[in-house]
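Given next are the chains, with one letter for each unit.
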Protein chains: 2
Amino acid sequence: MLIHSASQLLTIAGPPQRGLDLGDLGLIDNGAVLIQGEKIVAVGSTADLYASYPDEPRLDARGRVVMPGFVDPHTHAIWAGDRAAEFEQRLQGYSYLEILEQGGGILATMRATRQASRDALVQETTPRLRRMFAHGATTIEVKTGYGLETASEIRMLEAILELDRIGPAELVPTFLGAHAIPPEFHGQPEAYTDHLCVEMLPAVFDWWLSQAPSRPLPFVDVFCETGAFSLEQSRRILTRAREMGFPLKIHADEFDSLGGARLATSLGAVSADHLVVTPSEDIQALADSATVAVALPGTPFGLAEPQYTPAKAILEAGGLLALASDLNPGTAWCENMQFILALACRYLKLTPAQAIVAATLNAAAALGLEKRIGSLEPGKQADLLILDVPDYRHLGYRFGTNLVYQVVKKGVFYSQADLL
Amino acid sequence: MLIHSASQLLTIAGPPQRGLDLGDLGLIDNGAVLIQGEKIVAVGSTADLYASYPDEPRLDARGRVVMPGFVDPHTHAIWAGDRAAEFEQRLQGYSYLEILEQGGGILATMRATRQASRDALVQETTPRLRRMFAHGATTIEVKTGYGLETASEIRMLEAILELDRIGPAELVPTFLGAHAIPPEFHGQPEAYTDHLCVEMLPAVFDWWLSQAPSRPLPFVDVFCETGAFSLEQSRRILTRAREMGFPLKIHADEFDSLGGARLATSLGAVSADHLVVTPSEDIQALADSATVAVALPGTPFGLAEPQYTPAKAILEAGGLLALASDLNPGTAWCENMQFILALACRYLKLTPAQAIVAATLNAAAALGLEKRIGSLEPGKQADLLILDVPDYRHLGYRFGTNLVYQVVKKGVFYSQADLL
């Protein structure tokens, strides 16, 4: 299929974009892209691809923008229940960490999730992933972390694999047993850290090898934060995971600066995420490393907190910046990556072009998948969006709605009507 | 048609809700509403309406929330062209008023709109109104103000009447010839004010009586702001309009406090809108009047400015507060009233219940239509929403997506598929 007559084709060709180089869209006016099977075969001007591929079936983009699908590299998309009542509490002035201490927050979702069967989790999560896909997220990382005990965490992994199988969104699993201290270990973070290292990580490892031997190991992630896991506990968990061969991620510096970003670099984590209160020396350490800095502007927005990730400082230091939704039932129930870009333009002071690269190619790098997805280049997977706008800058400019006209995943076309 | 088994039926019955009384949803658990023709005939519990109306055809809401349609009482929804490039300029630090001074902003849209035929305006605006309707806005105020000369302003009014006729959203027109100083009067705001009073208002009046004699006169509105119309110029225009019988609105205190809110009360304006930098004595004057205070949180958000309407102060003073989108091509291209509620919860510190009433019944009052729309009561127009959520607080809690499952306008049902 030859998609042609795009007003703008954003190829975003090349390697992930570091520092102030961020924002090179590889834009082709009146562009075209040739898809065969699950792959992109060629990109170029409409005239050139007409000439080179005269016999391909054609789809007229009618002056719309064509770009790579969004990659959402940090979500907690799978859970049971909701926390609408807690949202009201927060409006009344209770802080996120206060609610967590009272057994709300993550632990409220944990109780509902532990009680849900695998099939119930799949059923509750399906419409969320479908909405994310309809808003353009073609690859979505999904974390466990609402089980906080071996069986429930593995049930979440099972559900993630099942949801990936169902599609159409492609899922990348992450084990986040270190999301909070479960009630069984209340006041004993050291003991739960031991339990994670000695019991849970090996159980996940064994389960994975027996159930999904052909897939790469999931990421292991830790919430390094006051009230969750200290820097030393985080180091122990991630070090143990690395020894077993798991690739790493970390939640760092969301509310308090504990040194998680620097820990990520020292352990070769693929990404360090949140980074709201990261001190400048840690920003520099991140920028000097291969670890991707993932900003999650939906979370300060969701919490109505004024402080966002210092994206400009990360870029000036030469860092690799990506964007993600952080979709979760507490602080950021947002299934729309386009809205994350609108926030990034306003509160991270990115240009629309920078935000787009951060949410596609650089976001793929935050999952170690930049060779396969995130840009429109021959040989890459045919994951792309047709936006119902004449200019890519409508992303960012417009907010709160869905500008995606069609989503293409592994060469299969989905209209919005298909996704209702 | 008897819509039954709503988890929550929000009737919002009674008069517009003033001051801290704001937020009474008139909630009926397991509720039902009976519609006949274009009207609501009864509301109550599912059990009661089953008993009273055993023979009515039934629609099972399946545990969803049923509520009145949103009323959006302040939009600039009709225009030609876009200002995506200007959005990038603003990200680079140019202010809204600087861009206006350079001939951008409103004047850029004016140039495109003057060149557009009535049919072109209808065609460009149709998908915007459709998206607004799909997101739950069943009645939408639409302002002129991108013509800034008699013929173009009247062409905008014609297009608004045609779009209202096409539906499904019901439109309420406003004449905003006093939106900016047009290039023909550059540096001569007094002369343009004279022109508005002597030539444009009478021309609009005569045109309306000849073309739409059965409809009430449109609102007349003025942008009372530094760089637009001074307090005295605003007073002259609105006073002249009032003499001719037009109902009044005003843009007051968006960037600078010129006294527009107090002017609104002294002239009996139906609403005063924006109110970001309104001094406390003017807030009290508003609260002591019948003029509705309309907050437009999409605009500070769109501009990434930190200051929002002091909604709590307005409520504490006893004011009538409403919400609107301010949809426009410069500062707030947002077609989703649900997102406006999400902003209001976070930045105006309203509860979800307060935001819902401010965007339905009180918003109807901001158009003088509270007797006909804005709540679910016998005799009122059957404008309502079925939300795909179990609890009304999902409005506010969740952001950036569309939670509306079906829209009912004058008794006619629209699914999302109908509205694509």
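Residues numbered from 1 in each chain as written. Chains lettered and ligands numbered in written order. Predicted model: local features only at pLDDT ≥ 70, side-chain atom pairs only at ≥ 80, totals over all residues. Heavy atoms only, no water.

Novice: I keep staring at the overall build of chain A and nothing clicks. Help me out?
Specialist: For chain A, the count of helices and strands is 16 helices and 16 strands. Here the C-alpha radius of gyration of chain A, 21 Å, is about what a compact globule of 420 residues would show, namely 22 Å. For chain A, the spread of C-alpha atoms along the three principal axes comes to 70 × 45 × 45 Å. The buried share among the 420 residues of chain A stands at 64%. Counting contacts in chain A only where the partners sit at least 6 residues apart, residues at least 24 apart contribute 72% of the total. Summing over all exposed atoms, chain A offers an accessible surface of approximately 13400 Å²; the carbon and sulfur share of this is 51%. Charged side chains in chain A number 33 positive and 49 negative. The centres of these two groups are separated by 4 Å. (Helix = DSSP H or I, 4+ residues; strand = E, 2+ residues; numbered from the N terminus. Rg over C-alpha atoms; globule rule 2.2 N^0.38 Å. Buried < 20%, exposed > 50% of the residue type's maximum accessible area, 1.4 Å probe, protein only. Contact = heavy atoms within 4.5 Å. Areas by Shrake-Rupley, 256 points an atom, 1.4 Å probe, with all protein chains shown as cover. Lys, Arg positive; Asp, Glu negative; His and termini not counted. Charge placed at Lys NZ, Arg CZ, Asp CG, Glu CD.)

Novice: Which parts of the structure should I look at to understand the interface of chain A and chain B?
Specialist: It is common to give the size of an interface as the accessible area lost on bringing the parts into contact. Taken together, the 44 residues of chain A in the interface contact 44 residues of chain B. Taken together, both faces of the contact between chain A and chain B bury some 3800 Å²; the carbon and sulfur share is 66%. Between the two partners, chain A and chain B, sit four salt bridges. Its salt-bridge partner being Arg-393 of chain B, residue Glu-88 of chain A comes within 3.2 Å of it at the nearest N-O pair. Counting the contacts that link chain A with chain B gives 16 residue pairs in polar contact (both at pLDDT 80 or more). Those elements giving two or more residues to the side of chain A that touches chain B turn out to be α2 (84-91), α11 (298-303), α13 (337-347) and α16 (394-397) of chain A. Classifying every residue of the side of chain A that touches chain B by side-chain character gives 23 nonpolar, 12 polar and nine charged. (Buried area = accessible area lost by both parts, 1.4 Å probe. Salt bridge = Lys/Arg side-chain N within 4 Å of Asp/Glu carboxyl O. Polar contact = N/O pair within 3.5 Å; in protein donor to acceptor, adjacent residues only side chain to side chain. Nonpolar A, V, L, I, M, F, W, Y, C, P; charged D, E, K, R; others polar.)

Novice: Even after reading the chapter, I still don't get the pattern of salt bridges, so can you show me in this structure?
Specialist: Pairing between side chains becomes possible if they bear opposite charge and their charged atoms approach one another. Residue and element names in this part refer to chain B. For the coordinates displayed, the defined rule picks out 44 salt bridges over all chains. The residue Asp-391 makes a salt bridge to Arg-393 at a minimum N-O spacing of 2.8 Å. Using a relative accessible area of 13% as the deciding quantity, one classes Asp-391 as buried. A relative accessible area of 19% means that Arg-393 is categorised as buried.

Novice: Would you take a moment to explain helix α9 (residues 260-267) of chain B for this structure?
Specialist: Residues spaced three or four apart along an α-helix face the same direction, because each turn holds 3.6 residues. Residues and elements named next belong to chain B. Buried within α9 we find Gly-260, Ala-261, Leu-263, Ala-264 and Leu-267. For α9, the arc enclosing every buried residue in end-on projection is 160 degrees, short of the 170-degree limit, so these residues lie on one face. Residues of α9 that are buried sit in contact with β9 (219-224), α8 (231-243), β10 (249-252), β11 (271-274) and α10 (280-287). Gly-268 lies just past α9 and shows a positive phi near 70 degrees. (Arc of directions from axis to C-beta.)

Novice: Would you mind showing me how to read the relation of the copies chain A and chain B here?
Specialist: Put simply, the two copies of the chain differ by a rotation about an axis and a shift along that axis. Here chain A sits on chain B after a turn of 180 degrees about the axis and a move of 0.0 Å along it, with an RMSD of 0.0 Å. As the rotation angle and translation indicate, the two copies are arranged about a two-fold axis. Of the C-alpha atoms belonging to chain A, the one lying closest to the rotation axis is found on Gly-400 of chain A, 2.2 Å away. In this assembly the copies share their binding face: 100% of the residues contributing to the interface of chain A also contribute to that of chain B. (Least-squares fit on C-alpha atoms with pLDDT ≥ 70 in both.)

Novice: In this structure, what is going on with the sheet that holds β9 of chain B? I would like to understand it.
Specialist: Two pairing modes exist for strands in a sheet, parallel and antiparallel, and in both the strands are linked by backbone hydrogen bonds. Residue and element names in this part refer to chain B. Taken in spatial order, the eight strands of this open sheet run β6-β7-β8-β9-β10-β11-β12-β13, and their pairing is parallel. Across the chains shown, the open sheet's two edge strands, defined by having one partner strand only, are β6 (70-72) and β13 (321-323). Strand-to-strand, the axes of this sheet are offset by a mean angle of 25 degrees, without reference to chain direction. Relative to strand β8 (residues 170-178), strand β7 (residues 137-143) is paired through five bridges, and the arrangement is parallel. (Pairing = 2+ DSSP bridges. Axes fitted to C-alpha atoms, helices over the stretch in contact; angles between N-to-C directions.)

Novice: For this particular structure, what's the right way to read the packing of aromatic side chains?
Specialist: Centre distance and the angle of the planes are the two values used to describe a pair of aromatic rings. Residues and elements named next belong to chain B. Under the criterion given, the structure shown has 30 aromatic pairs over all chains. Relative to Trp-333, the ring of Trp-79 lies with its centre 4.9 Å away and its plane at 85 degrees, an arrangement referred to as edge-to-face. A residue pair is termed long-range when its members are at least 10 positions apart, and Trp-79 in the loop between β6 and α2 (84-91) and Trp-333 in the loop between β13 and α13 (337-347) qualify at 254 residues. Judged by relative accessible area, which is 5%, Trp-333 ranks as buried. When the ring of Phe-205 is compared with that of Phe-246, the centres are 5.9 Å apart and the planes differ by 80 degrees; the resulting orientation is edge-to-face. Residue Phe-205 is found in helix α7 (residues 189-211), and its partner Phe-246 is found in the loop between α8 and β10; the two are separated by 41 residues along the sequence. Given the relative accessible area of 3%, Phe-246 is considered buried. The side chain of Arg-64 reaches across the aromatic face of Tyr-405, ending 3.6 Å from its centre. Stacked on the ring of Trp-79, the Lys or Arg Arg-128 has its end atom at 3.5 Å from the ring centre. (Phe/Tyr/Trp six-rings, centres within 6.5 Å; stacked < 30°, edge-to-face > 60°. Lys NZ or Arg CZ within 6 Å of the ring centre and 35° of its normal.)

Novice: Before we go on, may I ask you to explain the packing of α8 of chain B against α9 of chain B in this structure?
Specialist: If you want to describe how two helices pack, look at the angle between their axes and the distance between the axes. All names here are of chain B. Viewed as axis vectors pointing N to C, α8 and α9 meet at an angle of 20 degrees, and their least axial separation amounts to 11 Å. When the axes of α8 and α9 are compared, the pair comes out roughly parallel. The way α8 lies across α9 gives a crossing that is right-handed. Residue-level contacts link Leu-231, Ser-234, Arg-235, Leu-238, Thr-239 and Arg-242 of α8 to Gly-260, Leu-263, Ser-266 and Leu-267 of α9. Class assignment for the residues of the contact of α8 with α9 results in four nonpolar, four polar and two charged. (Parallel < 35°, antiparallel > 145°, perpendicular 65-115°, else oblique. Left-handed = near helix turned anticlockwise from the far one by under 90°.)

Novice: What's the story with α2 of chain A in this structure? I'm lost.
Specialist: Of all the positions in α2 of chain A, only Ala-84, Glu-86, Phe-87, Glu-88 and Arg-90 of chain A are classed as buried. Where the residues of α2 of chain A are buried, they touch α3 (96-101) and α11 of chain A together with α13, α14 (352-358) and α16 (394-397) of chain B.

Novice: Help me understand the sheet that holds strand β13 (residues 321-323) of chain A in this model?
Specialist: Residues and elements named next belong to chain A. Taken in spatial order, the eight strands line up as β6-β7-β8-β9-β10-β11-β12-β13 in an open sheet, and their pairing is parallel. The strands lining the two open edges of the sheet, one partner per strand, are β6 (70-72) and β13. If you compare each strand with its neighbour and ignore which way they point, the axes differ by 25 degrees on average. Taken strand by strand, helix α7 (residues 189-211) contacts β8 (170-178) and β9 (219-224), and its axis lies near 150 degrees from that of β8.

Novice: Hey, could you run me through the environment of Glu-377 of chain B in this one?
Specialist: Residue and element names in this part refer to chain B. Within the element layout of this structure, Glu-377 appears in the loop between α15 (361-365) and β14 (384-387). Through-space distance from the C-alpha of Glu-377 to that of Ile-12 is 8.3 Å; in sequence the pair is 365 residues apart. In this view, Glu-377 contacts Ile-12, Ala-13, Gly-14 and Ile-40; residues no more than four positions away in its chain are not counted. At 2.6 Å, the side chain of Glu-377 and the side chain of Ser-375 are in polar contact.

Novice: How should the confidence of the model for chain A be read in this particular structure?
Specialist: In low-pLDDT regions, the fine details of the predicted coordinates are not to be read closely. Here chain A shows a mean pLDDT of 97. Residues at 70 or above account for 100%. Between the elements of chain A, mean pLDDT differs from a low of 79, seen in α3 of chain A, to a high of 99, seen in β6 of chain A. (pLDDT = per-residue confidence, 0-100.)

Novice: Sorry if this is basic, but what is going on with the side chain of Thr-193 of chain B here?
Specialist: Residues and elements named next belong to chain B. Position of Thr-193 among the secondary structure elements: in helix α7. By relative accessible area, Thr-193 is classed as buried at 0%. Residues contacting Thr-193, with those up to four places away along its chain left out, are Phe-229, Gln-233, Arg-236 and Ile-237.

Novice: Which parts of the structure should I look at to understand the pairing of strand β5 (residues 65-68) of chain B?
Specialist: Residues and elements named next belong to chain B. Alignment of strand β1 (residues 2-10) against β5, held across two bridges, turns out to be parallel. Counted as the bridge partner of Leu-9 is Val-66 from β5. In terms of strand pairing, β5 meets β14 through four bridges, oriented antiparallel. Following the sheet pairing, Val-65 is matched in β14 by Leu-387.

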